[in-house]
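Each chain is listed here by its residues.
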Amino acid sequence: MRHAQATECWLSPNRTNGTQQRRRFIGLCFIALSPILIFGAAIASAQQSQLQELAQIESSIQRVADENMDACVAIFDGSGIGSGVIVSAEGLILTAGHVMSTDLPEYEVYFSNGKSAMARRLGRNLDVDSGMIKLEGDNWPHVEIGSSDALKKGDWVVSLGHSGGFELGRKPPVRSGRLLEIRGHQLITDAVLIGGDSGGPLFNLDGQLVAIHSSIGDAVSQNRHARIEEFLQDWDRLKRGDSWGALPELVVKKIPTGKAKLGVTLDLKADRAKINFVKRGSPAARIGLRPNDVVIQFDGEIITNGRHLIRAVQKHVPAETCFIKIDRDDQILSLEVRLQ
């Protein structure tokens, strides 16, 4: 009996020590793992925060694009197509100075919904690559003018423009990027530009216009945009039609167009190919076409509507001669036209 008690007394301290050691070991493991667990939780929290921030940025970019899409236009100056943006209900359009490279008094402006209108040439400052033209009438969709002064390096920006030229039924592609640098009269961003974007708008995440696309630098991530402050500083001169300055060599160009042109604006909502406007000096003007004339046949092809006429004309090349048949107040006239 005493032997059993002695044995029990000899085992009990060891069991106690073993339990204490295990507890001590578990405690040490917990202490060792705590920084890892805390660090891992911090990483997970940071990642979640970053994802939320990116989701908010993505939502802002989409909102800015949706709100300003209708005011982004394509501009045809007789030799190529660039972009522009309407900045007032009265139809003032800001663009790049080099988009206005021809001396035509009017330019044809295209909207993504297929409509088109003529815009009167105003002024341009080639030193900063700024330009202004004007649509007639009022109640035009337009954007809010902001300021680039509040921007700082790393801020997100949203770019619109008719990349690659105008395509009927295609809305201006949306691109985003960050401000890399403010360099003199230009913003430098990594919001990629290509031909056709020249003259298009650059927005901050509040949807305000902060610059107009000008050119690409030495790399495609070095995109140059004329600051809106340059336009505001020259506003009165641009509006009254002054032109001055010298244009530096640019990398981003208008998209040249080799497609044939008749020189008319059409009512694309009408069931027939009804002419709304005849451009001065155009092939249509030279053969005496008038507003309200309806084109019923072009080069032997029966024409059903305005879009049909556009496709029929663009099957041909500039300087080609075609026959056109029109309905003028129920009188059918057959004419010969040399395309532009």
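Residues numbered from 1 in each chain as written. Predicted model: local features only at pLDDT ≥ 70, side-chain atom pairs only at ≥ 80, totals over all residues. Heavy atoms only, no water.

Draft legend 1. The arrangement of the overall build of the chain in detail. For the chain, the helix and strand inventory stands at five helices and 21 strands. With 340 residues in all, the chain has 46% of them scored as buried. The long-range fraction of contacts in the chain, counting pairs at least 24 apart against all pairs at least 6 apart in sequence, stands at 62%. As displayed, the chain offers around 17700 Å² of accessible surface, 53% of which is attributable to carbon and sulfur atoms. (Helix = DSSP H or I, 4+ residues; strand = E, 2+ residues; numbered from the N terminus. Buried < 20%, exposed > 50% of the residue type's maximum accessible area, 1.4 Å probe, protein only. Contact = heavy atoms within 4.5 Å. Areas by Shrake-Rupley, 256 points an atom, 1.4 Å probe, with all protein chains shown as cover.)

Draft legend 2. Region of interest: the pattern of salt bridges. Tallying each qualifying case throughout the model produces twelve salt bridges. Between R280 and E106 there is a salt bridge, with the nearest N and O atoms lying 3.9 Å from each other. Linking R280 in the loop between β17 (273–278) and α4 (283–286) with E106 in strand β4 (residues 106–110), this pair joins segments that are 174 residues apart in sequence. Overall, the relative accessible area of 59% leaves R280 in the exposed class. Residue E106 is classed as buried on the basis of its relative accessible area of 17%. Of the charged contacts in the structure, one is a salt bridge between R183 and E181, with a shortest N-O distance of 2.9 Å. (Salt bridge = Lys/Arg side-chain N within 4 Å of Asp/Glu carboxyl O.)

Draft legend 3. Unusual backbone geometry, seen in detail. Despite not being glycine, D129 has its phi angle at roughly 65°, a positive value. Classification of D129 by relative accessible area gives buried; the value is 3%. You will see that D329, though not glycine, has its phi angle at about 50°, which is positive. Tracing the sequence through the fold places D329 in the loop between β20 (321–328) and β21 (331–338).

Draft legend 4. Expanded view of the pairing of strand β1 (residues 72–76). Counted residue by residue, β1 has five buried out of five residues, so it is predominantly covered. Covered by surrounding structure in β1 are C72, A74 and F76 together with V73 and I75, the residues of both alternating faces. Of the pairings in the sheet, the one linking β1 to strand β2 (residues 80–86) comprises five bridges and is antiparallel in character. Residue F76 lies in a different strand from β2, and its bridge partner there is I81. The pairing of β1 with β4 spans three bridges and is classified as antiparallel. Opposite I75, over in β4, you have V109 as the bridge partner. (Pairing = 2+ DSSP bridges.)

Draft legend 5. Expanded view of the nonpolar core. Core analysis: the largest hydrophobic core is formed by 40 residues, its most contacted members being L94, V109, L135 and L209. In terms of residue count, helix α1 (residues 2–68) provides more of this core than any other element does, four residues in total. Sequence-distant contacts of L94, that is, excluding residues within four places in its chain, are made with G84, V85, V87, G131, M132, G199, L209, I212, I228, F231 and W235. In terms of nonpolar packing, the next biggest core, distinct from the first, is built from 21 residues, V313, I324, V337 and L339 among them. (Core = buried A, V, L, I, M, F, W, Y, C linked by side-chain atoms within 4.5 Å.)

Draft legend 6. Fine view of the environment of R227. Relative to the elements of secondary structure, R227 occurs in strand β13 (residues 223–227). Between the C-alpha atom of R227 and that of Q186, which follows or precedes it by 41 residues, the distance is 5.3 Å. Apart from residues lying up to four places away in sequence, R227 is in contact with S148, D149, I182, G184, H185, Q186, L187, V210 and A211. Within the structure, R227 has its side chain in polar contact with the side chain of D149 (distance 2.5 Å). (Polar contact = N/O pair within 3.5 Å; in protein donor to acceptor, adjacent residues only side chain to side chain.)

Draft legend 7. Spatial organisation of the environment of S148. Inspection of the secondary structure assignment puts S148 in the loop between β7 (144–145) and β8 (156–160). The spacing of S148 and L187 is 39 residues in sequence and 8.2 Å in space, taken between C-alpha atoms. Excluding anything up to four places from it in sequence, S148 contacts I182, L187, V210, R227, I228 and E229. In terms of polar contacts, S148 uses its side chain to reach the side chain of E229, at 2.6 Å.

Draft legend 8. Looking closely at the packing of aromatic side chains. Counted by the stated rule, this structure contains two aromatic pairs. Between Y110 and F166 the ring centres are 5.1 Å apart and the planes differ by 25°, which places this aromatic pair in the stacked class. With Y110 in strand β4 and F166 in the loop between β8 and β9 (174–183), this residue pair connects regions lying 56 residues apart in the sequence. There is no split in this pair, since Y110 and F166 are both buried. Consider the rings of F111 and W140, whose centres lie 5.7 Å apart with planes at 0°: the pair is stacked. (Phe/Tyr/Trp six-rings, centres within 6.5 Å; stacked < 30°, edge-to-face > 60°.)

Draft legend 9. Structural context of the environment of R124. Residue placement: R124 occurs in strand β5 (residues 116–125). Of the polar contacts made by the side chain of R124, one reaches the backbone oxygen of M100; its length is 2.7 Å.

Draft legend 10. Quick look at helix α5 (residues 306–313). All buried positions along α5 are accounted for by G306, H308, L309, A312 and V313. Summarising the axial view, the buried residues of α5 lie within an arc of 155°, below the 170-degree limit, and thus occupy one face. Against the buried residues of α5 lie β16 (264–266), β17, β18 (294–298) and β19 (301–302). A side-chain oxygen of the first residue of α5 lies 2.8 Å from the backbone nitrogen of H308; this N-cap is N305. (Arc of directions from axis to C-beta.)

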